[in-house]
Amino acid sequence: MQKIKKQIRGLYLSTAAGNLSLTGAWVAILAARGYSLAQIGLAETVFHITSLIFEIPSGVLADLFGRKKMLVLSSILRMIGNVVMILSGNLFMVCLSLAFYATSYNFASGSGDALAYDSLKLVQGEAYYERYASNQLMIYRFCGALSTLCAGFALLIGHRAAYGADILMSVIQIGILLSLYEAKVGDGKEGTAAKALDEVSGQTTRVTNLVKTALAEYFMESLSFMKRERKAIALMFANSFVGAIDILLLFFLQAKLPAAGMPRWALGFALFFMEMGGILGAKIILKWKRLRYRNLFAVTAALVLSGVLMEHSGMWLFMMAGGFIAAFADDALQVRTDATLQDMFPSEQRATLISMESFTFSVIMVVLSPLAGLFFSWW
């Protein structure tokens, strides 16, 4: 049990290190560098197109070769993205940097949750996962809030120094990840991909064929699961819709709040306040266990859309309140969705299936990001 506690604590610390940065208000940083909201929306689209390409393969690789390895790779990719952003002098380089951030996110998105759930499953602690997911979201929001609180400081020292500090945080994160162990859970039913892996283990001349076969088998097994579990697809799209609206609203408020008259020195505090809405939502949902998912989705979707309407008021205090409400709704739904889906996913394909959830989010974001950039530019 002590080993599991250390594992979970390590995952918490990794999340903190991965989200503490001076560049949390990256939209504000790009806007300060002279990029328009339409250009920023295009860069965000590149991020999600990259995610569409790498999301599912990253989950398959995590299931095949280990979730811990993919988490370390994620940190390395994040460091590369920071280096490219430091060197960037045009929109192309900015988009390239965001592409590296996207792949970093891909390799972390399914791996961390899968590693946590299977670690808990080893000690029959699956019931704790919803609390773990809640804690992770609170850490994510709080660290993101601290990062955006530094928006003014990041603008003062310049983007190069700010992204340089992020490289240091990635090094710290890698050190934390190396202390974790790989949790392997079996249910007595090996999939064909796992059997293919065992059959050719140690035969170096067939490694390439192994990887191709195993990737294809894991992907097909995951698709077969999704075909059987239509409810899982519905949950993924419902959660992704609410999350996409919230993320885009908070992104563009970074640029819209100063334009609405908010003093620049207050921007970081405003962004911090809005992120606190997510922490409150992730905590309160634990007390609403009897609320049906369909009803929860209706309430959270209405709250997020209300936040968008409040953004159009032109009054920065009202806009800020809208961001708080949207973050509250998003994280409340996210925690419930994560716990529900994890109970449905088989361990051998857990990272792959979590990646499919992120894939649906990227599909929605690819469509909405450029439209939102134009939409918020006009209003």
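Residues numbered from 1 in each chain as written. Predicted model: local features only at pLDDT ≥ 70, side-chain atom pairs only at ≥ 80, totals over all residues. Heavy atoms only, no water.

> Residue-level account of the overall build of the chain, with values.
When helices and strands are counted, the chain shows 15 helices and zero strands. A separation of at least 24 residues holds for 87% of the contacts in the chain among residues at least 6 apart in sequence. When the accessible surface of the chain is summed, it comes to about 16500 Å², and 68% of that surface belongs to carbon and sulfur atoms. (Helix = DSSP H or I, 4+ residues; strand = E, 2+ residues; numbered from the N terminus. Contact = heavy atoms within 4.5 Å. Areas by Shrake-Rupley, 256 points an atom, 1.4 Å probe, with all protein chains shown as cover.)

> Explain the packing of aromatic side chains residue by residue, including any values.
Counted according to the given criterion, the structure contains six aromatic pairs. Where tyrosine 12 meets tyrosine 132, the ring centres are 5.5 Å apart and the plane angle is 20°; that geometry is what we call stacked. Taken together, the positions of tyrosine 12 in helix α1 (residues 2-19) and tyrosine 132 in helix α6 (residues 129-149) put the pair 120 residues apart, joining distant regions of the chain. Like tyrosine 12, the residue tyrosine 132 is buried in the burial classification. The interplanar angle of 45° and the centroid separation of 6.4 Å between the aromatic rings of phenylalanine 47 and tyrosine 105 together place this pair among those described as tilted. Taken together, the positions of phenylalanine 47 in helix α3 (residues 37-65) and tyrosine 105 in helix α5 (residues 91-121) put the pair 58 residues apart, joining distant regions of the chain. We classify tyrosine 105 as partly exposed; its relative accessible area is 37%. (Phe/Tyr/Trp six-rings, centres within 6.5 Å; stacked < 30°, edge-to-face > 60°. Buried < 20%, exposed > 50% of the residue type's maximum accessible area, 1.4 Å probe, protein only.)

> Explain empty space enclosed by the protein to me, and be specific about the residues and the numbers.
Applying the stated criterion across every chain, the model contains two cavities of 30 Å³ or more. Its boundaries defined by the atoms lining it, the second largest cavity holds a volume of some 40 Å³. Along its surface, the second largest cavity is lined by Asp113, Tyr129, Asp338, Leu341, Gln342, Phe345, Ile354 and Glu357. In terms of residue class, the lining of the second largest cavity is built from four nonpolar, one polar and three charged. (1 Å grid on protein atoms, 1.4 Å probe; cavity = no way out; pocket = protein on both sides within 12 Å on 5 of 7 lines; lining within 4 Å. Points joined across faces, edges and corners; volume = space filled by probe spheres on them. Nonpolar A, V, L, I, M, F, W, Y, C, P; charged D, E, K, R; others polar.)

> Could you give me a rundown of the confidence of the model for the chain, with the residues and numbers involved?
Averaged over all residues, the pLDDT of the chain equals 83, while 87% of them reach at least 70. Put simply, helix α9 (residues 192-199) is where the chain has its lowest mean pLDDT, 49, and helix α4 (residues 67-87) is where it has its highest, 95. The low-confidence segment residues 188-192 (pLDDT under 50) makes six contacts with residues lying over four places distant or belonging to another chain. Contacts of residues 200-205 to residues separated by more than four positions or lying in other chains number two contacts, the stretch itself having pLDDT below 50. (pLDDT = per-residue confidence, 0-100.)

> Give me helix α12 (residues 267-284): which residues, what numbers.
Compared with an ideal rise of 1.5 Å per residue, which puts 18 residues at 26 Å, α12 spans 26 Å between its outermost C-alpha atoms and is within 8% of the ideal. Turning to α12, its buried residues number three or more, namely Leu267, Gly268, Ala270, Leu271, Met274, Glu275, Met276, Gly277, Gly278, Ile279, Gly281 and Ala282. Contact partners of the buried residues in α12: α2 (26-32), α6, α7 (151-157), α11 (230-259) and α14 (316-344). (Expected span 1.5 Å × (residues − 1).)

> Tell me about the side chain of aspartate 246, and name the residues and values.
By the secondary structure assignment, aspartate 246 is in helix α11. Residue aspartate 246 is classed as buried on the basis of its relative accessible area of 0%. In this structure the side chain of aspartate 246 is engaged in a polar contact, spanning 3.3 Å, whose partner is the backbone nitrogen of alanine 327. Every residue in contact with aspartate 246, bar those within four places of it in the chain, is listed here: Arg141, Val304, Gly323, Ala326, Ala327 and Asp330. (Polar contact = N/O pair within 3.5 Å; in protein donor to acceptor, adjacent residues only side chain to side chain.)

> Explain unusual backbone geometry to me, and be specific about the residues and the numbers.
We note that glutamine 124 has phi near 55°; this positive angle belongs to a residue other than glycine. One can find glutamine 124 in the loop between α5 and α6.

> Describe a nonpolar patch on the surface, with residues and values.
Side chains of Ile49, Ile53 and Phe54 sit close together on the surface and give an oily, nonpolar patch of about 270 Å² of accessible area. Take isoleucine 53: it is sitting in helix α3. Judged by its relative accessible area of 52%, isoleucine 53 falls in the exposed class. (Patch = residues over 30% accessible without salt bridge, like charges linked within 9 Å, V, L, I, M, F, W, Y side chains within 5 Å. Salt bridge = Lys/Arg side-chain N within 4 Å of Asp/Glu carboxyl O.)

> Can you lay out the packing of α11 against α14 for me, pointing to particular residues and giving the numbers?
Put simply, α11 and α14 touch, their axes get as near as 9 Å, and they point 155° apart. Classed by the angle they form, the pair α11 and α14 counts as roughly antiparallel. For α11 against α14, the interelement crossing comes out left-handed. Residues belonging to the contact of α11 with α14 are distributed by class as follows: 17 nonpolar, seven polar and four charged. (Axes fitted to C-alpha atoms, helices over the stretch in contact; angles between N-to-C directions. Parallel < 35°, antiparallel > 145°, perpendicular 65-115°, else oblique. Left-handed = near helix turned anticlockwise from the far one by under 90°.)

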